[in-house]
Amino acid sequence: MLEKLLDGPKTYYVWLLFLLCVIAGCGLVYLDQLQNGLSVTGMSRDVSWGLYISQFTYFVGVAASAVMLVLPAYFHHYKKFKIMIIFGEFMAVAAVCMCALFIVVDLGQPQRMLNVMIHPTPNSVMFYDMMVLIGYLLLNITIGWVTLEAERHEVEPPKWIKPLIYLSILWAFSIHTVTAFLYAGIPGRHYWLTAIMAARFLSSAFCSGPAILLLLLLVLRKLTGFNPGKEATKTLTTIIVYAMCVNVFFYLLELFTSFYSGIPGHAEPIRYLFYGHNGHLPWVSYWMWAAVIMAIGCLVILIPPQWRTHPVLMPIALIMLVLASWIDKGLGLLIGGFTPNMFESITPYMPTAKEIAVALGVYAVGALVLSLLWKVALGVKRETGHFCGD
C-alpha cells in the first residue's frame, strides 16, 4: 500500500514540501536549544514544565480519543463509523508521535530518556506512561494497517486482530489516566491535587479529539470529495457535545470545591488564572476568559439538534470547542499548577519565540505523519469504492 504515497496531485506534494521546510527551519531552532540548553525557553527553576509538556498532555488526549470511534463500531456494532475509523486510528498514531517528540524536546539532554528503559523503575508513574504510550502506538499501527489491508483485498480482517482491538479500547483509557496521575500525584501542586483529574482529562479528550478529527474530515471532504457520511457525522457530533457537557461540569465541580471550601491553596491558582495577583493581570487571563466564552458559545450551538448539524454553525462550534479545550489544558493547566510556587510566591511564565518555534516543528512532524497515513487510507478507499458514506 505504500505505493499510494507516490500518487497525488501537485497540491499534495506542495503540502509535503511545506511541512518539510517547517520541520527543517524549526529543527535549526531546536539545535540551538540543544546547544544552549533550556535557558532559551521561558521555563525556570520554579516552572520546570512549560509549553512542551502542556502540548504532550493535550495530544495524549487526542490519541486516546480514537476510542470514541472504535468503541461504538466494535462493541455496539455501529457500522456507520466503519468508513472513518481508520482515520481516527491513524490520527492517534500521529498524536502519539507528537507526544514522544514533545517529551524529547522538553529534555535538556534527550539521551537521558534512555535511562527510563535502561534502568526501569516500576514505582515511577513516568515509567508506566512511557510503556502505555509505546503500547498504544504499536496497537494502532498494527490494527490500522491490518484492517486497511483487509479492506483493500475486500476480505474480513484476521481473527487475531479482534482481541487487539478490544485491548486498544482499554489501552486508550489507560494512556490518559496515567498521564493524569503524573499531575495528580504531586502533593505540592494544589491545582493538580484532585481525585477528579483523570476524569477531567478523559472528558476533555473525548470532546476535543473527535472534534479535531471531524474538522479534519470536513477539510478532507472539501479537498478530495471523501464523505464520512451524514449519519456518522451527526452521531460523532452528538458524542462530542455530551463529552463537552461533562467536561464543563467537571470544571464547575473544581470551582465549587476550591472556593466553597475556602482553602487558599486550591483557590489561588484559579484566581490567578482569571484575575491575576495583587492587581496584576497576567497574559494567560485573557486566554482563560476567551476559553470560557468559546466553551459557552460552542455548547449554545451544539446542544440544539437543529444547529448541531448545520453546515456552517457546526464547524464554527467545533473550532471554538478545540480552542477552549486547548487553552484550558494546554495553557491553564500548567500555569495554574505552578502558580503560586512552593514558596507561595508568583513566578510568571511565558513561552519564548524559540520555544514556540520548536513546538511548531513538532506540530509539522505530526501533520506530516498524518498526511502520509491518510493518503494511504484515501487511496485504498478510492480503490475499493468505499469513498463515501450514507
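Structure's up top.
These numbers were taken from a predicted model, which means no experiment stands behind them. The residue numbers shown here count from 1 along each chain, following its written sequence. Under the rules for a predicted model, residues below a pLDDT of 70 receive no local features and side-chain atom pairs below 80 are neither given nor counted, while totals for whole chains, interfaces and linings still include all residues. Calculation of side-chain values draws on the structure's entire complement of heavy atoms; hydrogens and water are dropped beforehand.

(A) Looking closely at the state of the cysteines. When the sulfur atoms of two cysteines come within 2.5 Å, that pair is taken as a disulfide. As enumerated under the stated definition, the model contains zero disulfides in all. We note that Cys21 lacks a disulfide partner, and the nearest cysteine sulfur, in Cys26, lies 11 Å from it. Of all cysteine sulfurs in the structure, the one in Cys99 sits closest to Cys97, which takes part in no disulfide; the separation is 9.1 Å.

(B) Focus on a nonpolar patch on the surface. Residues Met113, Leu114, Met117 and Ile118 make up a contiguous nonpolar surface patch of roughly 370 Å² in combined accessible area. Where helices and strands are cited, they refer to DSSP runs of H or I of at least four residues and of E of at least two residues respectively, numbered from the N terminus. Position of Ile118 relative to the elements: it lies in helix α5 (residues 114-118). By relative accessible area, which is 55% here, Ile118 ends up exposed. Grouping into patches uses exposed residues only, defined as over 30% relative accessible area, and leaves out salt-bridged ones; the cut-off is 9 Å for like charges and 5 Å for nonpolar side chains (Val, Leu, Ile, Met, Phe, Trp, Tyr). Computed by Shrake-Rupley with a 1.4 Å probe, the accessible areas treat only the displayed protein chains as cover when residues are assessed. Any Lys or Arg side-chain nitrogen found within 4 Å of a carboxyl oxygen on Asp or Glu counts as a salt bridge. For every residue, the accessible area (1.4 Å probe, protein chains only) is compared with the maximum for its type, and the residue is labelled buried under 20%, exposed over 50%, or partly exposed between those bounds.

(C) Up close: the layout of surface pockets. Grid spacing is 1 Å over the protein atoms alone, the probe is 1.4 Å, and a cavity is where that probe fits but cannot get out, while a pocket is an open set with protein on both sides within 12 Å along at least five of seven lines and lining residues have an atom within 4 Å of a point. Grid points are joined across faces, edges and corners, and a volume is the space filled by probe spheres set on the points. Considering only enclosed or pocket space, the largest pocket measures out at about 1,100 Å³ in volume. Contributing to the lining of the largest pocket are 31 residues, with Trp15, Leu220, Ala367, Ser371 and Trp374 lying nearest its centre. If you tally residues by element for the lining of the largest pocket, the top one is helix α14 (residues 353-384), at ten residues. In this classification, Asp, Glu, Lys and Arg are treated as charged, Ala, Val, Leu, Ile, Met, Phe, Trp, Tyr, Cys and Pro as nonpolar, and every other residue, Gly included, as polar. Here the residues of the lining of the largest pocket sort into 21 nonpolar, six polar and four charged.

(D) Focus on the packing of helix α2 (residues 51-64) against helix α13 (residues 313-337). It is the contact of α2 with α13, at a shortest axis distance of 8 Å, that shows an interaxial angle of 140°. Taken together, α2 and α13 sit at an angle that is classed as oblique. As for how α2 packs across α13, the hand of that crossing is right-handed. Every residue of α13 that contacts α2 at Ser54, Gln55, Thr57, Tyr58 and Gly61 is listed here: Val322, Ser325, Trp326, Lys329, Gly330, Leu333 and Leu334. Each residue belonging to the contact of α2 with α13 can be placed in one class, and the counts come to five nonpolar, six polar and one charged. Note on geometry: axes are lines fitted to C-alpha atoms, helical ones only across the stretch in contact, with angles between N-to-C directions running from 0 to 180 degrees. Between 65 and 115 degrees an angle is taken as roughly perpendicular, under 35 as roughly parallel, over 145 as roughly antiparallel, and anywhere else as oblique. For a crossing to be left-handed, the near helix must be turned anticlockwise from the far one by less than a right angle; the clockwise case is right-handed. Residues are treated as being in contact if the distance between any of their heavy atoms lies within 4.5 Å.

(E) Highlighting unusual backbone geometry. Going from Thr339 to Pro340, the amide bond is cis rather than trans, its omega being -5°. Tracing the chain through its elements places Pro340 in the loop between α13 and α14. One non-glycine residue with positive phi stands out, namely Glu154, at about 55°. Tracing the chain through its elements places Glu154 in the loop between α6 (125-152) and α7 (161-184).

(F) Fine view of the side chain of Asp106. Tracing the backbone shows Asp106 in helix α4 (residues 85-106). Look at Asp106 and you get buried, because its relative accessible area is 11%. Beyond its immediate chain neighbours, meaning those up to four positions away, Asp106 contacts Leu38, Met43, Tyr52 and Ile53.

(G) Focus on the packing of aromatic side chains. Ring pairs are drawn from Phe, Tyr and Trp, using the six-membered ring of Trp, whenever the two centres fall within 6.5 Å, and their geometry is named by plane angle: stacked under 30 degrees, edge-to-face over 60, tilted for the rest. Across all of its chains, the model carries 23 aromatic pairs by this definition. A connected cluster of aromatic rings, assembled from ring pairs, spans Trp49, Tyr183, Trp192, Phe201 and Phe338. The ring of Tyr74 carries the charged tip of Lys82 above its face, separated from the ring centre by 5.3 Å. Against the face of Phe201 rests Lys329, its NZ or CZ located 5.1 Å from the ring centre. Ring-over charges, as used throughout, are those where CZ of Arg or NZ of Lys falls within 6 Å of the ring centre and within 35 degrees of the ring normal.

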